[in-house]
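Tertiary structure, described
Letter by letter, the chains look like this.
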Amino acid sequence: MFRLSDLKNGAKGIIQQFDDNDAKVKLMEMGCIPGEAVSVEAIAPFGDPIAIQVSGYRLSLRKNEAMHIWVEVG
């Protein structure tokens, strides 16, 4: 498993878990639910923010938010 914040542009995976309970609620409200497919669509020049495709829409996350999401790549 990898942190979503560590994935490169174009990488795809399945959300597995979160490592911060406070961030978990916020991320789940935005559609980042365990078992959901996610793909990295774009990364800003300095690495923050990260645009991802999840739950049928594009979502922009700060790197410190994405680091709490663990993804199975494969």
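Look a little higher up for the structure.
Numbering of residues starts from 1 in each chain and follows the order in which that chain's sequence is written. Only residues with pLDDT of 70 or above have their local features reported here, since the model is predicted, and side-chain atom pairs are shown and tallied only from 80 upward, although totals for entire chains, interfaces and linings are computed over all residues. The side-chain figures draw on all heavy atoms in the structure; neither hydrogens nor water molecules are used.

Here we look at the sheet that holds strand E6 (residues 69-73)
Applicable threshold: Here, any two strands with at least 2 DSSP bridges between them count as paired. Runs of H or I in DSSP of at least four residues are treated as helices and runs of E of at least two as strands, each being numbered from the N terminus.
Reading across the sheet, the six strands line up as E1-E6-E2-E3-E4-E5 and stay open at both edges, with antiparallel pairing between neighbours. Strand pairing shows two members of the sheet lacking a second neighbour, strand E1 (2-3) and strand E5 (57-61), which therefore form its edges. Here two bridges tie E1 to E6, and the two strands are oriented antiparallel to one another. What sits directly across from Phe2, in E6, is Val71.

Overview of helix H1 (residues 21-29)
We count it as follows: We call two N or O atoms a polar contact when they sit within 3.5 Å, provided that within protein one can donate a hydrogen and the other can accept it, with sequence-adjacent residues counted only if both atoms are side-chain atoms.
Taking the backbone nitrogen of Asp22 as reference, a side-chain oxygen 2.8 Å away marks Asp20 as the first, capping residue of H1. A positive backbone phi angle near 100° is found at Gly31, which sits one or two residues after H1.

A word on the pairing of strand E3 (residues 37-43)
Strand direction decides the pairing type here: strand E2 (residues 12-18) and E3, joined by three bridges, are antiparallel. Residue pairing for E3: Lys12 is matched across the bridge by Ser39. Looking at chain direction, E3 and strand E4 (residues 50-54) are connected through five bridges and run antiparallel. Bridged to Ala42 within E4 is Ala51.

A look at the nonpolar core
This is how it is decided: Put simply, a nonpolar core is a bunch of buried Ala, Val, Leu, Ile, Met, Phe, Trp, Tyr and Cys residues held in one set by side-chain atoms that sit within 4.5 Å of each other. For the exposure calls, accessible area comes from a 1.4 Å probe over protein chains only, and a residue counts as buried if that area is under 20% of its type's maximum, exposed if over 50%, partly exposed in between. Residue contacts are counted whenever heavy atoms from the two residues lie within 4.5 Å of one another.
Counting residues in each nonpolar core, the largest one holds 17 residues, and the members touching the most others are Leu4, Cys32, Ile52, Leu61 and Ile69. The element that contributes the greatest number of residues to this core is E4, accounting for three residues. Once you skip the residues sitting within four places of it in the chain, Ile69 turns out to touch Phe2, Arg3, Leu4, Ile15, Gln17, Phe18, Leu27, Cys32 and Leu61.

Keep in mind these numbers describe shape, not what the thing actually does.
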